[in-house]
Structures are given as C-alpha cells and as structure tokens.
Amino acid sequence: MRNPFLACAAAVLTAVALAACGASADGNDPEAAGAQRPAASGPAVPGPSATRATGPATPPTEEQSAPGASAPAATAEGPKTPVDEITPATGTFTKKQREYLKDRVPKGMDPAAVLQTGQETCDKLRYLVKADRDTAVGAIVTGEIPDAKDAVAGLCTQHQALVDEAAYGYPDGRHAGKKLRPGVYRSASPTPDCSWQIEGAGGKELASGTSDTGRSRKITIPDSARTFTSTGCYAWLPEGAAG
C-alpha cells in the first residue's frame, strides 16, 4: 500500500527527475558525466520508509509487485544490442554507463532511452534520501523504485547502502518460512490503516497490533514466529546499525 506522502510527492519527484536529467545532460551531474541525455521519459516512482539494516542472515526473497511502469531497459525480452554497437546519437557514453547498458538494450531501441531510465532512478533516490532516508529505502523495499538494484550498482554506487538496507526490510504482505527472520523491526512510514499479526506454530497468535495514528511502531518477531502479516504499514525495517 502506497504511503500518502508518495502520492503527494509523485508529481514533484517526476519534475525533479526530469529537471535533473536536463542538468546532467551537459555534464554537470557526476552520476551522468560524459554523456548527453535525450528526452526519454521513465516511470515516475517515489517511495517512503526504511531504516538501518541489521545483519539478519538472509534478506527476504519473496516476489513483490512494482506499481507503475517498469523500465523497458530492465525487462524487455528478445535479442540485445552487442555492447560494442551501443553508441548514442550524440556525445559519448562513459565507461560506467556503457557497463550499465551491457545486455540491457533491446535491438532497435535507443540506448540513451535505456540509460535515462536508470539515471532517473538515481535522481529519484538522490531526491528522496535528501528528504528522508527511510523514505528512500522503503521505496526500494516495496518495489516502487523497481530498477534500484541495477541502477545503483551501475550508475550511482553512492546509494548502495540504501539497496543493502532494503534487502532486509519487509513490504506489506504475508511473510513465512525461511523468508521470516527474527528481530526488531519498525514501520517507517505507516498509514492510519496499518495493522500486523505474528503467528506461531498451528496459527497461534503471538502478537498483533495497529497504528491508527500513522505513527511508527516497533515489533519483535520472535524465533517461534511462523508467519508475519502486514497491511497498510508500507514497509518494516530492521532496527540496528547499517553495515
């Protein structure tokens, strides 16, 4: 469930992302230095909430649906343009940008459009992290910035910590089995309809609660937990220092 902050900020983020694209086209943006960016539009995706990731052993891996349009660069099937044939209509690609584009540009697609999708993801993360770090990480946790992992790895590595922290968070939904990790978590950006339930063996309720004020709440998932279900809380982030 999207946080109200996101719905209000979507138009602002889109404008900021597009403005940042124009600024970086002339080489003023360190994340896109050396390449000119054509006016290709990417998905407008904001996101809230997430805190420091602890070191629980393995991050959750359940599939999450990402609202909004997915980047064609990351999802398009079919043959890809060989990396040595990837060239922009004007200007040049930096080594970092060329590495990001490798195996991501479908035949017949403008590589600059693919690149811009990734750069817009970096723009959104940069904007969000300045406004609120939890918001930026939560947007990755919930999949509202679906291309974050690849874009950060290839184009804006300074945000890698956000991706690493998001790997240990939980979006709304039902989490069970090996995907459930004991620990203390907090709802970084809940809605007034936030509710959760933790169950043990045989469906026994271990804990449940609500946050009808929209304020952050902390929960403890014990070793005996078998399922954790969250609705309207947006994202849960592990408490503790980020590595």
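What counts and what doesn't
Residues numbered from 1 in each chain as written. Predicted model: local features only at pLDDT ≥ 70, side-chain atom pairs only at ≥ 80, totals over all residues. Heavy atoms only, no water. Helix = DSSP H or I, 4+ residues; strand = E, 2+ residues; numbered from the N terminus. Buried < 20%, exposed > 50% of the residue type's maximum accessible area, 1.4 Å probe, protein only. Contact = heavy atoms within 4.5 Å. Areas by Shrake-Rupley, 256 points an atom, 1.4 Å probe, with all protein chains shown as cover. Expected span 1.5 Å × (residues − 1). Polar contact = N/O pair within 3.5 Å; in protein donor to acceptor, adjacent residues only side chain to side chain. pLDDT = per-residue confidence, 0-100. Disulfide = S-S within 2.5 Å. Salt bridge = Lys/Arg side-chain N within 4 Å of Asp/Glu carboxyl O. Phe/Tyr/Trp six-rings, centres within 6.5 Å; stacked < 30°, edge-to-face > 60°.

Draft legend 1. Representation of the overall build of the chain in the model. Across its full length, the chain carries seven helices and six strands. Helices and strands appear in the chain in the N-to-C order α-α-α-α-α-α-α-β-β-β-β-β-β. The buried share of the chain, taken over its 243 residues, is 46%. Across the chain, every contact between residues at least 6 apart in sequence was considered, and the portion connecting residues at least 24 apart equals 77%. Surface accessibility of the chain: about 11200 Å² in total, with carbon and sulfur atoms responsible for 53%.

Draft legend 2. Examining helix 4 (residues 111–131) more closely. Taking 1.5 Å per residue, 21 residues should reach 30 Å; helix 4 reaches 31 Å between its end C-alpha atoms and fits that length. Of all 21 residues making up helix 4, 15 are buried, and the element is well covered by its neighbours. Of the residues flanking the start of helix 4, the one acting as N-cap is D110, its side-chain oxygen 3.0 Å from the backbone nitrogen of A112.

Draft legend 3. Here's a closer look at the confidence of the model for the chain. Summing up the model confidence of the chain, the mean pLDDT is 75 and the portion of residues at 70 or higher is 67%. Helix 2 (residues 72–75) is the least confidently modelled element of the chain, averaging 44 in pLDDT, while strand 3 (residues 194–199) averages 96, the highest of any element. Here residues 15–58 scores under 50 on pLDDT; set against residues more than four positions off or in separate chains, the count is 148 contacts. Low pLDDT, under 50, characterises residues 61–75; the predicted model gives this stretch 23 contacts beyond four residues in sequence or across chains.

Draft legend 4. Fine view of the state of the cysteines. Summed over the entire model, instances satisfying the criterion amount to two disulfides. There is a disulfide in this structure between C122 and C156, and the S-S distance comes to 2.1 Å. Of note, the bridge from C122 to C156 carries an S-S torsion of about -80° and is left-handed in sense. Here the residue C122 occupies a position in helix 4, and C156 occupies one in the loop between helix 6 (148–154) and helix 7 (160–166), the gap between them amounting to 34 residues. Relative accessible area serves as the criterion here: at 0%, C156 is assigned to the buried category. Each disulfide pairs two cysteine sulfurs, and for C194 the partner residue is C233, the sulfurs being separated by 1.9 Å. Disulfide C194-C233: the torsion about the S-S bond is 90°, which places it as right-handed. Of the two residues, C194 is situated in strand 3 and C233 in strand 6 (residues 227–238); the sequence distance between them amounts to 39 residues. With cysteine numbering restricted to those in disulfides and following the sequence, the chain has the pairing 1-2, 3-4.

Draft legend 5. Summary view of the pattern of salt bridges. Inspection of every chain in the model, using the stated rule, returns seven salt bridges. A salt bridge links D123 to R126; the nearest nitrogen and oxygen atoms lie 2.7 Å apart. You can see D123 and its partner R126 sitting in helix 4, three residues apart, about one turn around the helix.

Draft legend 6. The packing of aromatic side chains, seen in detail. If you walk through the whole model with that rule in mind, you get four aromatic pairs. Ring geometry for Y170 and F228: centres 6.0 Å apart, planes at 75°, overall edge-to-face. Taken as a pair, Y170 in strand 1 (residues 170–176) and F228 in strand 6 lie far apart in primary sequence, 58 residues in all. Y170 gets classed as buried once you look at its relative accessible area, which sits at 0%. Considering the side-chain rings of W196 and W236, the 5.4 Å spacing of their centres and the 75° angle between planes classify their relative orientation as edge-to-face. With a gap of 40 residues between them, W196 in strand 3 and W236 in strand 6 connect regions that are remote in the sequence.

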